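Now for the letters of each chain:
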Amino acid sequence: MAIPFLSFGPQNQQIRAQVLAAMTQVFDSEWYVLGESVKRFEAEYAVFNQTTACVGVANGLDALHLALKALGIQAGDEVLVPSNTYIATWLAVSLVGATPVPVEPNLGTYNLDPARLEAAITPRTRAIMPVHLYGEACEMPAIMTIAEAHGLHVVEDNAQAQGASFGGQLTGSFGAINATSFYPGKNLGALGDAGAITTNDEKLAQQIRILRNYGSQQKYYNEVLGYNSRLDELQAAILSAKLPMLTEWTQQRQALAAQYQEALAGLSGLQLPQVAPNATHVYHLYVVRTPHRDALQRYLAEREIGTLIHYPVPPHLQVAYQNLGYKAGDFPLAEEIAATCLSLPLWPGMSPGQVQTVAEHIRAFYTAHA
């Protein structure tokens, strides 16, 4: 039987009634933008993320963009970003006119390496944007210490790590203002695009509320040049219906990942996920690395097992950023990850038997290619 990379089926079935009821309630309310559903979800997610404020926006990229905008990051400024990340992290910096400055990851965790940050800081550096990649918390205390020593803002990209923590503190609560995405495939996903910022600074939260709504607090009265980036009522209601399940779904992800760890242990040349001391991992993705990545992906596809590559081209080698003048070899760790990483199937409701089947096929591949 085929094993897809991702299936929404088990989650959807588990909360079908709640989601349909929430959608009906919004439909019947006859209020579809910035109403009670958005207010309710913002309050609920702020409690979940242990911050004083959450502000819903249209998507994760907008959340990053508006967070930087609220901090006053602008043309001529530099923002330290991971060399190994989805391009949205870099795009947010470019959208405010600033320059993304790549910093290499820790090759074990794939996250931004705090030991490499200070060498990248210049007089133009204004902020650091750590990304909790694949679901593992970055080493935030070390990053915060460096930021404070140099007077830099921290904006967490928490799109892949809702519910992860470092030293007991949740990701998305360390930085001055932080962003997350509720894209459908995320650990907490809407049924379309959606995002939010989290912060403990009410002044910054209010700036986001103004920026997301055409620069306005009162209809038809515009204070600044704003944007149309509002979390809509329907997606907010769906997210409220799903949020109570997030902890259970995270535990399922962690149990499946633990099974992969055990079933794939000892395969020479197959790098399994590593979790830093004091960090937790919520396994938005279960990513392995192998120099035989392309052959392994083809082998699994032939056996109807879905995989994906997150991400095949690092941002510095994307055509969109050729103006920065980077070339192959400039960030070798990011390039190595891009050339060797493979994301295996993992989703809430996936069965232990399916994990075992994937693992058995991977072992068979290694036996055939030993």
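Refer to the structure printed above.
Residues numbered from 1 in each chain as written. Predicted model: local features only at pLDDT ≥ 70, side-chain atom pairs only at ≥ 80, totals over all residues. Heavy atoms only, no water.

A.B. asks: Which residues make up the sheet that holds strand E3 (residues 99-103), and what values do they have?
C.D. replies: Taken together, four strands build an open sheet; the order of strands is E3-E2-E4-E5 and the sheet is parallel. In this open sheet, the two edge strands, each paired with only one partner strand, are E3 and strand E5 (153-154). Taken together, the two bridges between strand E4 (residues 125-128) and E5 define a ladder with parallel strand orientation. If you follow Ile128 over to E5, its bridge partner there is Val154. (Pairing = 2+ DSSP bridges. Helix = DSSP H or I, 4+ residues; strand = E, 2+ residues; numbered from the N terminus.)

A.B. asks: Which residues make up helix H11 (residues 352-368), and what values do they have?
C.D. replies: Helix length check: H11, at 17 residues, gives a terminal C-alpha distance of 24 Å against a target of 24 Å (1.5 Å per residue), a fit within 8%. Buried within H11 we find Val355, Val358, Ala359, Ile362, Phe365 and Tyr366. The buried residues of H11 occupy one face: seen down the axis, they fall within an arc of 115 degrees. In H11, the exposed positions that point more than 90 degrees away from the buried face belong to Thr367 and Ala368. Where H11 is buried, its residues contact helix H8 (246-263), helix H9 (293-302) and strand E13 (341-344). (Expected span 1.5 Å × (residues − 1). Buried < 20%, exposed > 50% of the residue type's maximum accessible area, 1.4 Å probe, protein only. Arc of directions from axis to C-beta. Contact = heavy atoms within 4.5 Å.)

A.B. asks: Please give an account of a nonpolar patch on the surface that cites residues and values.
C.D. replies: A surface patch of nonpolar side chains, amounting to about 320 Å² of accessible area, comprises Phe27, Tyr32 and Val33. On the secondary structure map, Tyr32 appears in the loop between helix H1 (9-29) and helix H2 (36-49). (Patch = residues over 30% accessible without salt bridge, like charges linked within 9 Å, V, L, I, M, F, W, Y side chains within 5 Å. Areas by Shrake-Rupley, 256 points an atom, 1.4 Å probe, with all protein chains shown as cover. Salt bridge = Lys/Arg side-chain N within 4 Å of Asp/Glu carboxyl O.)

A.B. asks: Please set out the pattern of salt bridges residue by residue, giving values where relevant.
C.D. replies: According to the stated counting rule, one finds 10 salt bridges in the structure shown. The partner of Arg209 in a salt bridge is Glu202, with the nearest N and O atoms 2.7 Å apart. The class of Arg209 is partly exposed, set by a relative accessible area of 23%.

A.B. asks: Can you break down the environment of Ala236 residue by residue, with the values?
C.D. replies: Along the chain, Ala236 turns up in helix H7 (residues 233-242). Sequence spacing of Ala236 and Ser37 is 199 residues, and the spatial spacing of their C-alpha atoms is 5.7 Å. Among residues more than four places away in sequence, those in contact with Ala236 are Ser37, Val38, Phe41 and Leu231.

A.B. asks: Before we move on, could you go through the packing of aromatic side chains and cite the residues and values that matter?
C.D. replies: In total, this model carries 12 aromatic pairs according to the counting rule given. Ring centres of Tyr45 and Phe48 lie 5.6 Å apart, and the angle between their planes is 35 degrees; on these two criteria the pair is classed as tilted. One end of the pair, Tyr45, and the other, Phe48, are both in helix H2, three residues apart, so they sit about a helical turn from each other. Like Phe48, Tyr45 is buried. Following the ring pairs from residue to residue traces out a cluster consisting of Phe41, Tyr45, Phe48 and Phe182. (Phe/Tyr/Trp six-rings, centres within 6.5 Å; stacked < 30°, edge-to-face > 60°.)

A.B. asks: Which residues make up the packing of helix H3 (residues 60-70) against helix H4 (residues 88-95), and what values do they have?
C.D. replies: Closest axis-to-axis distance for the H3/H4 pair is 8 Å, and the angle between their directions is 40 degrees. Relative to H4, the element H3 is oriented oblique. Judged by the twist between their axes, the crossing of H3 over H4 is right-handed. Note on element contacts: H4 touches H3 through Ala88, Thr89, Leu91, Ala92, Val93 and Leu95, opposite Leu61, Leu64, His65 and Leu68. Here the residues of the contact of H3 with H4 sort into eight nonpolar, two polar and no charged. (Axes fitted to C-alpha atoms, helices over the stretch in contact; angles between N-to-C directions. Parallel < 35°, antiparallel > 145°, perpendicular 65-115°, else oblique. Left-handed = near helix turned anticlockwise from the far one by under 90°. Nonpolar A, V, L, I, M, F, W, Y, C, P; charged D, E, K, R; others polar.)

A.B. asks: Describe the pairing of strand E8 (residues 178-181), naming the residues involved and giving the relevant values.
C.D. replies: Burial of E8 is two-sided: the residues Asn178 and Thr180 facing one way and the residues Ala179 and Ser181 facing the other way are all buried. Direction of pairing for E8 relative to strand E9 (residues 195-199): antiparallel, over a ladder of four bridges. Paired with Ser181 across the bridge in E9 is Gly195.

A.B. asks: Tell me what's going on with H1, and back it up with residues and numbers.
C.D. replies: With 21 residues, H1 should reach 30 Å at 1.5 Å per residue; the first-to-last C-alpha distance of 28 Å fits that figure. The largest bend along H1 reaches roughly 65 degrees and is located at Ile15. Every buried residue of H1 is listed here: Gln11, Ile15, Val19, Ala22 and Val26. Packed against the buried residues of H1 are H2, H7 and H8. Looking one or two residues past H1, Glu30 carries a phi angle of roughly 60 degrees, positive in sign. (Bend = angle between axes of the 7 residues up to and from the residue.)

A.B. asks: Could you give an account of the sheet that holds E9, naming the residues involved and the relevant values?
C.D. replies: Pairing within the open sheet is antiparallel, and its three strands lie in the order E1-E9-E8. Every interior strand has two partners, whereas the edge strands, strand E1 (53-57) and E8, have only one. Pairs of neighbouring strands in the sheet enclose a mean axial angle of 25 degrees, with direction left out of account. Set on the sheet, H3 makes contact with E1, E8 and E9; between it and E8 the angle comes to about 170 degrees. Set on the sheet, helix H6 (residues 202-212) makes contact with E1 and E9; between it and E1 the angle comes to about 15 degrees.

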